[in-house]
Amino acid sequence: GCNIHDWMLAYLIVLPTPWFAKSDATGHAAPDAPAGSYRLEIWHPRLAAPVTREVSLPATGDTASPLAFTLALKPDRRIRRAPDAKGGGYK
């Protein structure tokens, strides 16, 4: 993050596993992991409470039932800056 420009922010996540997925713009994610039992952990920078669930992925060719989660997020307290009059950059 930047202590001068509040909108400048980045997250770096280091995971102890090669099996992860990043959600798309609609919130859907599909990890490409082999069949087996796993502990699913969901992360979001404003997540109000940890979300962890034990899941089983079926063997190749079998169809897994999709899981749906509703996440409670803390409010975003960052100050938002509007673009300048020319439509670019920030004031």
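My aim in this report is to walk through the structure given alongside it, one point at a time. (Residues numbered from 1 in each chain as written. Predicted model: local features only at pLDDT ≥ 70, side-chain atom pairs only at ≥ 80, totals over all residues. Heavy atoms only, no water.)

**So, the overall build of the protein**
No. 1: Counting its secondary structure elements, the protein contains 0 helices and 2 strands.
No. 2: Residues classed as buried in the protein amount to 4% of the 91 residues present.
No. 3: For the protein, the proportion of contacts with a sequence separation of at least 24, taken over those separated by at least 6, is 37%.
No. 4: For the protein, the exposed surface amounts to about 8000 Å²; the carbon and sulfur share of it is 56%. (Helix = DSSP H or I, 4+ residues; strand = E, 2+ residues; numbered from the N terminus. Buried < 20%, exposed > 50% of the residue type's maximum accessible area, 1.4 Å probe, protein only. Contact = heavy atoms within 4.5 Å. Areas by Shrake-Rupley, 256 points an atom, 1.4 Å probe, with all protein chains shown as cover.)

**Re a nonpolar patch on the surface**
No. 1: The grouping of Leu9, Tyr11, Ile13, Leu15, Phe20 and Trp43 at the surface amounts to a nonpolar patch, some 650 Å² of accessible area in total.
No. 2: Counting through the fold element by element, Tyr11 comes out in the segment before strand S1 (36-42). (Patch = residues over 30% accessible without salt bridge, like charges linked within 9 Å, V, L, I, M, F, W, Y side chains within 5 Å. Salt bridge = Lys/Arg side-chain N within 4 Å of Asp/Glu carboxyl O.)

**Quick notes on the packing of aromatic side chains**
No. 1: Enumeration over the complete set of coordinates arrives at 1 aromatic pair.
No. 2: Their ring planes at 70° and their centres at 5.4 Å tell us that Tyr11 and Trp43 sit as a pair that is edge-to-face. Of this pair, Tyr11 sits in the segment before S1 while Trp43 sits in the loop between S1 and strand S2 (51-57), placing them 32 residues apart in sequence. (Phe/Tyr/Trp six-rings, centres within 6.5 Å; stacked < 30°, edge-to-face > 60°.)

**Details of the environment of Pro45**
No. 1: Within the fold, Pro45 resides in the loop between S1 and S2.
No. 2: Each C-alpha atom, one on Pro45 and one on Lys74, is 8.9 Å from the other, the two residues being 29 residues apart in sequence.

**Description of the pattern of salt bridges**
No. 1: For the structure on display, the rule yields 1 salt bridge.
No. 2: Taking the shortest distance from any N to any O, the salt bridge between Arg39 and Glu41 comes out at 2.6 Å.

**Description of the environment of Pro66**
No. 1: Note on placement: Pro66 falls in the segment after S2.
No. 2: Distance in space between the C-alpha atoms of Pro66 and Ala30 is 9.2 Å, their sequence separation being 36 residues.

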